[in-house]
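Geometric and topological summary
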Amino acid sequence: MASAGKPPLEDARRTTGSPKMKSRENAKDTLCRNVTIYGRCRYEDKGCAFNHDPSKLNANQSDSKKRFNVDSPSFTPSLLSGNGVSAPKKSTAISPKAASAAPFQPRTTSSRSNTSTPTTRSEAVQDWAVADVQEFVPQGFEHVTPLQGNGNGGITPTGAFDPFVTTPTPMTPGGPVSANPYSHDPTGAMGGAFFANQTGFQQPIQYHLYAPIGPHSQNTLGYQRNVHDLFIPNDLREELQKKSAATLQTLPNTQLPAQVDYFHSLVPLDLSHQKNAATFGYPSWIYKAQSSKDGTFYALRRLEGFRLTNEKAIRSVQAWKRVCNASVVTIHDAFTSRSFQDSSLIFVTDYHPLSKTLADQHLNAGTRFPGRHTNAHIPEQVLWGYMTQIANGLKAIHANGLAARVLEPSKVLLTAKTRVRINACAILDVVQFDTQRTMADLQRQDLVNFGQMILTLGANSPTVIHNPTKAMEHFTRAYSPQLKNSVFWLLNGLQKDQERTIDTFITGISSQLMSTFDSALHLDDQLNSDLGRELENGRIVRLMGKLGSINERPEYELDPRWSESGERYFLKLFRDYVFHSVDSQGEPVVDLGHMLTCLNKLDAGTDEKIHLVSRDEQSSFIVSYKEVKKALESSFQALMKPARRMH
């Protein structure tokens, strides 16, 4: 309580440590706070030294203002408590210190009212934004970046979470932030986002609508389409899955060595178990193996019983490593090994799963009756495709100063429908290293071997080459004169009356090269179209990953009901709406189109509203996809808090 005989205000000032007044004469210029608070001071007649007449106080202040001059110190008012008293007005005189002050530059063009409303998070972000950083916006497009972001991850413009992307809030100096259709606007004006400096309004990208990439070879009606139209074709998927299964195939009980140099998990690839030394002079076998260096699968061709007598012979493989051509099987290494309990020469090449040789495909070499003749001729366009690809490979080989030396149907791989590659190169360079033949003779021999292989394939018999006259008559009846003349030119490659090179041959078949190139472009367009169907898969997987990490979570932050409380509850109802729908009879409705449509609309955050009902039908919500997306992002960011604390 205040001391007797003293005003309570003066006593309170002394207890709080306020400075004492110098004299009681100065107190008459100070308005008594009891008058301000209660309207009157009951100690006015009992010795209170403060002024109790506001009118006299104003008159004294007006007189004191007249006594101020330019030499007077600048006045800085202190903050007043919210007691309802109006703040005193500042003097209109400008302090001399203002001359050296920095010019005032507002951070944003929008002014803020001085109210008691607390500052929001977005306003706080705008306060510390650097005004000197400018954002590049391409002409004709509006750069859209989400407002969510932190040091441990961000939300990409497509709405998918990427833990390696940081997306700070974009700021434009001297102007407000451009409208963001992907931000969670509490006003609900997402659908009417305005793009500044644009001649026309452009709707944001609707990711729930598929836009198939052309070309389209067929026109189908809506009822003729099915869910497989949204993904890659079944035949392509089946082919890729079979190749993947063949690559990972292993033999648990095998007599093959467990390790050959740095390769392991050997699987034989030969279709025949008979030893054949006709091509290389040594029995050869081919295996699939995995490298312990990089984990990649390679093909190992083994020459049984070969003894290396000259170290320079195996060094000739180094020149083949420089041959990088799409029509030649790449060679990686060559070494000798005794892992097979003998002296073997191993060549390491690329592995193409489920590939066949041209002899297996067209000459029945891998069947029970390899020499049986059939009347099915290879279509001429397919044969032209083989010729152009092999010519492409020979050009690359001859340009590097090498020769293929092995061109026969059993040594050319068919890796796809009409895709061929020259195989088994560099083997004869090592095996027949001491043979004295010039490189020009070997390259001309490649042309002759090339012509003989095409003639064998066209006649559809591996033995027809022993009777060249009969073979050419058979070839002439089945194919066009241009193809016959091209093969005849190759067969005469050993003649030295004119310059015969692979470049001259390519010039002669230039029209067919254009046809093959056009087919390759069509295949490229088709593969791009198939790849475009898989474009949405990554976004959908990320979205389902977020939902799966939130729904039915047993406990988080010591709350066992975290996943079913607050905004997470209608995420659970949304999960039931998408995946657990039932018909009027209570039977499950498995509609993949419904699932994809709902998930893409959620990823885009559209304004479309849906009706969510609990399983006991006691709770019902009508929410939009944008509200569900906002709940999903905030819940997922809540899960990321421990990760942020760790970092």
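Whatever comes next refers back to the structure up there.
Report follows, based on the coordinates.

What counts, and at which threshold
Residues numbered from 1 in each chain as written. Predicted model: local features only at pLDDT ≥ 70, side-chain atom pairs only at ≥ 80, totals over all residues. Heavy atoms only, no water. Helix = DSSP H or I, 4+ residues; strand = E, 2+ residues; numbered from the N terminus. Buried < 20%, exposed > 50% of the residue type's maximum accessible area, 1.4 Å probe, protein only. Contact = heavy atoms within 4.5 Å. Areas by Shrake-Rupley, 256 points an atom, 1.4 Å probe, with all protein chains shown as cover. Pairing = 2+ DSSP bridges. 1 Å grid on protein atoms, 1.4 Å probe; cavity = no way out; pocket = protein on both sides within 12 Å on 5 of 7 lines; lining within 4 Å. Points joined across faces, edges and corners; volume = space filled by probe spheres on them. Axes fitted to C-alpha atoms, helices over the stretch in contact; angles between N-to-C directions. Parallel < 35°, antiparallel > 145°, perpendicular 65-115°, else oblique. Nonpolar A, V, L, I, M, F, W, Y, C, P; charged D, E, K, R; others polar. Salt bridge = Lys/Arg side-chain N within 4 Å of Asp/Glu carboxyl O. Phe/Tyr/Trp six-rings, centres within 6.5 Å; stacked < 30°, edge-to-face > 60°. Core = buried A, V, L, I, M, F, W, Y, C linked by side-chain atoms within 4.5 Å.

1. Some thoughts on the overall build of the protein chain
Per the secondary structure count, the protein chain includes 20 helices and 14 strands. Counting the 647 residues in the protein chain, one finds 36% classified as buried. Across the protein chain, every contact between residues at least 6 apart in sequence was considered, and the portion connecting residues at least 24 apart equals 61%. Working note: accessible area of the protein chain is about 40400 Å², and carbon and sulfur atoms make up 53% of it.

2. Examining the pairing of strand 13 (residues 609–613)
Side chains of strand 13 alternate between two faces, with Ile610 and Leu612 buried and Lys609, His611 and Val613 left unburied. Sheet topology places strand 13 next to strand 14 (residues 620–624); 5 bridges connect them, and they run antiparallel. Looking across to strand 14, one finds that leucine 612 is bridged to phenylalanine 621.

3. Describing empty space enclosed by the protein
All chains considered together, the criterion is met by 3 cavities of 30 Å³ or more. Its volume calculated, the largest cavity comes out at about 90 Å³. Those elements giving two or more residues to the lining of the largest cavity turn out to be strand 7 (297–304) and strand 9 (344–350). Element by element, the count of residues in the lining of the largest cavity is highest for strand 7, at 3 residues.

4. Some remarks on the packing of helix 12 (residues 468–478) against helix 13 (residues 481–491)
At their nearest, the axes of helix 12 and helix 13 sit 9 Å apart, and the two run at 150° to each other. Of the possible angle classes, the one that applies to helix 12 and helix 13 is roughly antiparallel. Between helix 12, through Met472, Phe475 and Thr476, and helix 13, the contact on the second element is made entirely by Leu483, Lys484, Val487 and Leu491. Class assignment of the residues belonging to the contact of helix 12 with helix 13 gives a composition of 5 nonpolar, 1 polar and 1 charged.

5. Comments concerning the pattern of salt bridges
Within the structure shown, the criterion is met by 17 salt bridges. Between lysine 242 and glutamate 238 there is a salt bridge, with its nearest N and O atoms 3.2 Å apart. Of this pair, lysine 242 and glutamate 238 both sit in helix 5 (residues 234–247), 4 residues apart, which is roughly one turn of the helix. According to the relative accessible area criterion, lysine 242 is partly exposed, its value standing at 44%. Residue glutamate 238 is classed as partly exposed on the basis of its relative accessible area, which comes to 42%. Between arginine 444 and aspartate 441 there is a salt bridge, with the nearest N and O atoms lying 2.4 Å from each other. With arginine 444 and aspartate 441 both in helix 11 (residues 439–459) and 3 residues apart, this pair spans about one turn of that helix. Overall, the relative accessible area of 26% leaves aspartate 441 in the partly exposed class. Taken together, the shared-partner salt bridges in this structure form one network comprising Glu552, Arg575, Asp576 and Arg615.

6. Concerning the packing of aromatic side chains
Applying the stated rule across the entire model yields 13 aromatic pairs. Centre to centre, the rings of phenylalanine 574 and tyrosine 577 are 6.4 Å apart; their planes meet at 35°, and the pair counts as tilted. A residue pair is termed a helical-turn pair when its members lie 3 or 4 positions apart in one helix, as phenylalanine 574 and tyrosine 577 do in helix 17 (residues 567–579) at 3 residues. With relative accessibility at 1%, the residue phenylalanine 574 sits in the buried group.

7. Let's talk about the nonpolar core
With 59 residues, the main nonpolar core has Leu383, Ile390, Ile397, Phe450 and Phe505 as its most contacted residues. When residues of this core are assigned to their parent elements, the largest contribution, 8 residues, is made by helix 9 (residues 380–399). Look past the residues within four positions of leucine 383 in its chain and what remains in contact with it is Ile378, Ile454, Leu457, Gly458, Phe475, Tyr479 and Leu483. Listed in part, the 26 residues of the second largest apolar core include Leu547, Leu573, Leu599 and Phe636.

8. Here we look at the sheet that holds strand 11 (residues 412–414)
What the 3 strands build is an open sheet, ordered 10-11-12; its pairing is antiparallel. The sheet terminates laterally at strand 10 (356–357) and strand 12 (420–422), the two strands that pair on one side only. Pairing of strand 10 with strand 11, which is carried by 2 bridges, proceeds in the antiparallel orientation. Bridge pairing links lysine 356 to leucine 414 in strand 11.

9. Examining unusual backbone geometry
The phi dihedral of aspartate 261 is positive, around 55°, even though this residue is not glycine. Although it is not a glycine, glutamine 341 sits at a positive phi angle of roughly 65°. By the element assignment, glutamine 341 lies in the loop between strand 8 (331–337) and strand 9. On the basis of relative accessible area, glutamine 341 is assigned to the exposed category, the value being 74%.

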